[in-house]
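Each chain, written out:
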Protein chains: 2
Amino acid sequence: MPLDYRFTPAFENPTGSAIRELFKYLAQPGMISFAGGYPAAAFFDQQGLQQAAAEAIGQTPLDCLQYGATEGLPALREQLAALMARRGAAVHVDDLIVTTGSQQGFDLLLKVLLAPGAQVLVERPTYPAALQALRLAGAQVLSAATDAEGLDTQALAEQLAGRPSGSIALLYCVPTFANPTGACLPLDRRLALLRLAVQHDFLIIEDDPYGALRFAGQDVPSLLALSEQVDGAQGRVIHLSSLSKVLAPGLRVGWMVAPAAIRQRCLVAKQTVDLCTSPWTQRIAANYLANGALERALPSLAAGYKEKCERMLAGLRPMAEYLEVSAPAGGMFIWGRCRNGLDAKALLPKAIAQNVLFVPGAAFYGEHPDPSSIRLSFAAPGLAEIDEGLTRLQRAVAAA
Amino acid sequence: MPLDYRFTPAFENPTGSAIRELFKYLAQPGMISFAGGYPAAAFFDQQGLQQAAAEAIGQTPLDCLQYGATEGLPALREQLAALMARRGAAVHVDDLIVTTGSQQGFDLLLKVLLAPGAQVLVERPTYPAALQALRLAGAQVLSAATDAEGLDTQALAEQLAGRPSGSIALLYCVPTFANPTGACLPLDRRLALLRLAVQHDFLIIEDDPYGALRFAGQDVPSLLALSEQVDGAQGRVIHLSSLSKVLAPGLRVGWMVAPAAIRQRCLVAKQTVDLCTSPWTQRIAANYLANGALERALPSLAAGYKEKCERMLAGLRPMAEYLEVSAPAGGMFIWGRCRNGLDAKALLPKAIAQNVLFVPGAAFYGEHPDPSSIRLSFAAPGLAEIDEGLTRLQRAVAAA
């Protein structure tokens, strides 16, 4: 007889990731996937990383093999602080800790900042693994409306009006090339969001894995950088980022910029979570960054994603009557909404029958999902795959 | 004015690791440390790991660089299942998931199994990072007595008598070459512990990072292996292990063997914690194990630690009147107790003045620390350092 285990309430009957549920279809022969958020394998700087790795184990074997400091390898923290400075945020080495992907940064923050039942605002729609982490941590998740430009700060102001100050603990957002919408929050809304954080006394977790993948328009400063300009906003923004989308997810190297009181507590939590991020992959990343290789690679990486994005937008145009889509200025995602009678619920099985995959939008909502929405990623497939996949999607649209 | 952040109760005023507090003394020029639990840098199989790493990125770059499955790289899971079989536990690939060090395995288990306020038994003394994780997770930590052979199961039976069945959620232990005592739990006590788990309906987390480092006596089967032989004990043991002590901590590769219901929930938790353990270091570890290099390296590794342990025991003999010490059959630690008027509290500053470091035993207790105890690790220092460090310790003992 199997044992009757006693689980914590959140884990009595947890649902896994809806996106991972789609993984089984990837094994279908010839499947073309627009579903994942994986970077393009063809864009990995394999040669540069191989060189950085050979240097790491050859020249600094003990850095690679022994336990490392919980806050991260000093050489990597220096490189990441310099990277943040190039991105417009004056960050000192001590302000920044290395995390095992930015996902770990979020998990640490929830341990430190999130009392069970605390209220957390997220974008509607938002990144599913953040939603899942919040639910499992017992947060009460509230959604803030977005439009094509991201968070609708005017609507947020109305949503917050009359609420007691401090009733919202955190706001989590991906302001630059959001997952799933691809939207980039304009400067005036960033400033408005920071003012709302001051007015209503909440912290902002700015998740920025895609910001360096801009391929159109002008850079907008991060919330972290802007927080220095808004009265009372200093110390309200915790910035998470990652090398996963710009270099390689296999490194599992992310970082967090946070005020000292928060950062130090995250380190105490990290000591019980994984002691330290792999010093070996940290050393590889540090070498790669020190070689200047990331800065050299970024322009062609962004150009590569631009080409894929444009190819996908062109291939979607014949379906425009039934599928309204976003045109992102960076990142990896196109967000679509079915219209004019296209049955979104029927679309996924028809697409799978045609051997093409996307993610139904419902996965990205904290509450009241919009069942007409879908997410398409142009990042992983090649150009010919994008063409062929969209031809198949068009057949699926016709059949749905 | 600094912001007044609101932290979760556990993180309002957390204390960091007492062992890490000692790290500052490591910077003292000429310091000899018996404090850390670090493996010997000289024992790293740098050449074998370098070869495995070159194969990994050279032959399977996408395995290294892309996201990997949350449960771990299939090739590594196969190698680890085979390793568990060599260690006497029939483990199928599917029974095992890769974790970011065994520390992550423990963190995942607490998320899944530990309701706030639940009662957890630990050995007295025990591993501090487990204690810390339990405290931060809101557990009520109870201590079970140990003696030179580890958990005193007779005393545990008396401690549990009369308590309602199911009142203890978990028992955490390091039964083989414990940290800090070095004790190895004998077979009869292992069986008695399993029977107690059945009788009182608790789960056992068996943490086994040191088991392969035996240098004296005969192997004793793991609690996991023995759970198959005790009626009702099947499915009650969750086994954690790691490559950190036998290969290299820098890999951050550990694993968990657990019943399906627990394992699947840990995977859901892991998706929100770090998505996957570094596929790159997993691929390196898989290649290293597939090359048979670990099995070839283990005998000389154990012999190396045996020599260090014997050297330290010999060097401690002149202090026997004041310092009673354990003689472990494996692992990395010697546990000592001050006696005959040696003031243990005065010993640490005297030792630091002599440029030698150990860990005061109080760090290892969940409650009522024994202030006369100390932990000495023979793993990291070389033989000459052990000699010199103990000469210094003898001067400190004389001065304390």
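Residues numbered from 1 in each chain as written. Chains lettered and ligands numbered in written order. Predicted model: local features only at pLDDT ≥ 70, side-chain atom pairs only at ≥ 80, totals over all residues.

**Observations concerning the overall build of chain A**
In terms of helices and strands, chain A carries 15 helices and 14 strands. For 400 residues, the compact-globule estimate of 2.2 N^0.38 gives 21 Å, and the C-alpha radius of gyration of chain A, at 21 Å, lies within 12% of that figure. Overall, the C-alpha framework of chain A stretches about 60 × 55 × 55 Å when taken along its three principal axes. In chain A, the proportion of contacts linking residues at least 24 apart, taken out of those at least 6 apart, comes to 77%. (Helix = DSSP H or I, 4+ residues; strand = E, 2+ residues; numbered from the N terminus. Rg over C-alpha atoms; globule rule 2.2 N^0.38 Å. Contact = placed C-beta atoms within 7 Å.)

**Focus: the relation of the copies chain B and chain A**
Each copy superposes on the other: chain B lies on chain A with an RMSD of 0.0 Å after a rotation of 180° and an axial shift of 0.0 Å. Taken together, the rotation angle and the small translation identify this as a two-fold axis. Here 100% of the contact residues of chain B are again contact residues in chain A; the copies associate through an equivalent surface. (Least-squares fit on C-alpha atoms with pLDDT ≥ 70 in both.)

**What to know about the packing of helix H6 (residues 101-113) of chain A against helix H11 (residues 260-273) of chain A**
All names here are of chain A. Look at H6 against H11: their axes get within 9 Å of each other, and the N-to-C directions meet at 110°. Considering their axes alone, H6 and H11 lie roughly perpendicular with respect to each other. Listed contacts from H11 to Leu108, Leu109, Lys111 and Val112 of H6 are Ile262, Arg265, Cys266, Ala269, Lys270 and Val273. Partitioning the contact of H6 with H11 into residue classes produces seven nonpolar, no polar and three charged. (Axes fitted to C-alpha atoms, helices over the stretch in contact; angles between N-to-C directions. Parallel < 35°, antiparallel > 145°, perpendicular 65-115°, else oblique. Nonpolar A, V, L, I, M, F, W, Y, C, P; charged D, E, K, R; others polar.)

**Observations regarding the sheet that holds strand S11 (residues 333-338) of chain A**
Residues and elements named next belong to chain A. As summarised here, the arrangement of the four strands in space is S10-S11-S14-S13, forming an open sheet in which the pairing is antiparallel. Bordering the open sheet on either side are strand S10 (323-325) and strand S13 (359-360), each of which pairs with just one other strand. Pairing geometry for S13 and strand S14 (residues 373-377), over two bridges, is antiparallel. Across the sheet, Pro360 pairs through a bridge with Ile374, a residue of S14. (Pairing = 2+ DSSP bridges.)

**Focus: the environment of B:Ala130**
Residues and elements named next belong to chain B. Among the structural elements, Ala130 can be located in helix H7 (residues 128-136). The exposure class of Ala130 is buried, given the 24 C-beta atoms found within 10 Å. Each C-alpha atom, one on Ala130 and one on Tyr172, is 8.3 Å from the other, the two residues being 42 residues apart in sequence. With sequence-adjacent residues up to four places away left out, Ala130 is seen in contact with Phe106, Val122 and Tyr172. (Buried ≥ 20, exposed ≤ 12 C-beta atoms within 10 Å, placed from the backbone.)

**Describing the interface of chain B and chain A**
Contacts between the two partners involve 60 residues from chain B and, on the opposite side, 60 residues from chain A. If you list the elements that add at least two residues to the side of chain B that touches chain A, you get helix H3 (46-59), helix H4 (61-65), helix H6 (101-113), H7, helix H11 (260-273) and helix H12 (279-290) of chain B. In terms of residues, the side of chain B that touches chain A owes the most to one element, H11(B), which gives eight residues. The residue makeup of the side of chain B that touches chain A, split by class, is 36 nonpolar, 17 polar and seven charged.

**Quick look at the domain arrangement of chain A**
All names here are of chain A. Assigned domains of chain A: these are domain 1 (9-45 + 295-399) and domain 2 (46-293). Once you take the C-alpha centre of each, domain 1 and domain 2 turn out to be 24 Å apart. Taken together, the contact between domain 1 and domain 2 spans 36 residues of the former and 37 residues of the latter. For the side of domain 1 that touches domain 2, the leading source of residues is helix H13 (residues 293-316), giving 10 residues. In terms of residue class, the side of domain 1 that touches domain 2 is made up of 22 nonpolar, eight polar and six charged. (Domains from an automatic or database assignment.)

**Quick look at the pairing of strand S7 (residues 203-207) of chain A**
Residues and elements named next belong to chain A. Among the five residues that make up S7, five are buried, leaving the element largely enclosed by the rest of the structure. The side-chain alternation of S7 yields two buried faces, one formed by Leu203, Ile205 and Asp207 and the other by Ile204 and Glu206. As a crossover connection, the stretch from strand S6 (residues 168-173) through helix H9 (residues 187-200) into S7 is right-handed. (Right-handed = clockwise from strand over helix to strand, strands pointing away.)

**Considerations on the nonpolar core**
A:Leu170, A:Cys266, B:Leu170 and B:Cys266 are the most contacted members of the largest nonpolar core, which has 265 residues in total. In contact with B:Leu170, other than residues within four places in its own chain, are B:Leu113, B:Leu114, B:Val120, B:Phe202, B:Leu203 and B:Ile205. (Core = buried A, V, L, I, M, F, W, Y, C linked by C-beta atoms within 7 Å.)

**Regarding unusual backbone geometry**
At the junction of A:Asn179 and A:Pro180, the peptide bond is cis and its omega measures out at 15° in the coordinates. Here A:Pro180 lies in the loop between S6 and H9.

**Quick look at the sheet that holds strand S2 (residues 96-99) of chain B**
Residues and elements named next belong to chain B. With respect to topology, eight strands assemble into an open sheet ordered S2-S9-S8-S7-S6-S3-S4-S5, the strand pairing being mixed. For this open sheet the edge positions go to S2 and strand S5 (150-151), each flanked by a neighbour on one side alone. One ladder, built from two bridges, connects strand S4 (residues 140-147) with S5; its direction is antiparallel. Directly across from Thr146, in S5, lies its bridge partner Leu151.

**Points about H11(B)**
Over its 14 residues, H11(B) runs 19 Å from end to end, which matches the ideal 20 Å to within 8%, given 1.5 Å per residue. Burial analysis of H11(B) places 10 of its 14 residues in the buried class, which makes it a mostly covered element. Of all the residues in H11(B), the buried ones are B:Ile262, B:Arg265, B:Cys266, B:Leu267, B:Val268, B:Ala269, B:Lys270, B:Gln271, B:Thr272 and B:Val273. Buried residues belonging to H11(B) abut H6 and helix H7 (128-136) of chain A together with S2, H6, strand S8 (237-242) and strand S9 (254-257) of chain B. Positioned one or two residues after H11(B), B:Leu275 has a phi angle of 65°, which is positive. (Expected span 1.5 Å × (residues − 1).)

**Side note on the environment of A:Ile204**
Residue and element names in this part refer to chain A. Considering the arrangement of structural elements, one finds Ile204 in strand S7. Sequence separation between Ile204 and Lys350 is 146 residues, and the spatial gap between their C-alpha atoms is 40 Å. Those residues in contact with Ile204, other than ones at most four positions away along the chain, are Leu171, Cys173, Ala197, Leu223, Arg236 and Val237.

**Regarding the environment of A:Val356**
Residues and elements named next belong to chain A. Note on placement: Val356 falls in strand S12 (residues 356-357). Its 27 C-beta neighbours within 10 Å are what place Val356 among the buried residues. As for Val356 and Ala75, which are separated by 281 residues in sequence, their C-alpha atoms are 43 Å apart. Those residues in contact with Val356 that sit more than four places away from it in its chain are Ile32, Phe34, Ala351, Gly389, Arg392, Leu393 and Ala396.

**Thoughts on the pairing of strand S4 (residues 140-147) of chain A**
Residue and element names in this part refer to chain A. Two elements, strand S3 (residues 119-124) and S4, share six bridges in a ladder whose sense is parallel. Bridge assignment links Arg124 to a residue of S4, and that residue is Ala145. The β-α-β motif built from S3, the intervening H7 and the parallel element S4 has right-handed crossover chirality. Hairpin connection of S4 to strand S5 (residues 150-151): two residues between the antiparallel strands.

**Here's the deal with the packing of helix H5 (residues 74-86) of chain A against helix H12 (residues 279-290) of chain A**
Packed helices, taken two at a time, are described by the angle their axes make and the gap between the axes. All names here are of chain A. Where H5 meets H12, the closest approach of the two axes is 8 Å, and the angle between their N-to-C directions is 45°. Between H5 and H12, the interaxial angle falls into the category oblique. The crossing of H5 and H12 is left-handed. Residues Ala75, Leu76, Gln79 and Leu83 of H5 form the contact with H12, whose participating residues are Gln282, Ala285, Ala286, Leu289 and Ala290. Residue composition of the contact of H5 with H12, grouped by class: seven nonpolar, two polar and no charged. (Left-handed = near helix turned anticlockwise from the far one by under 90°.)

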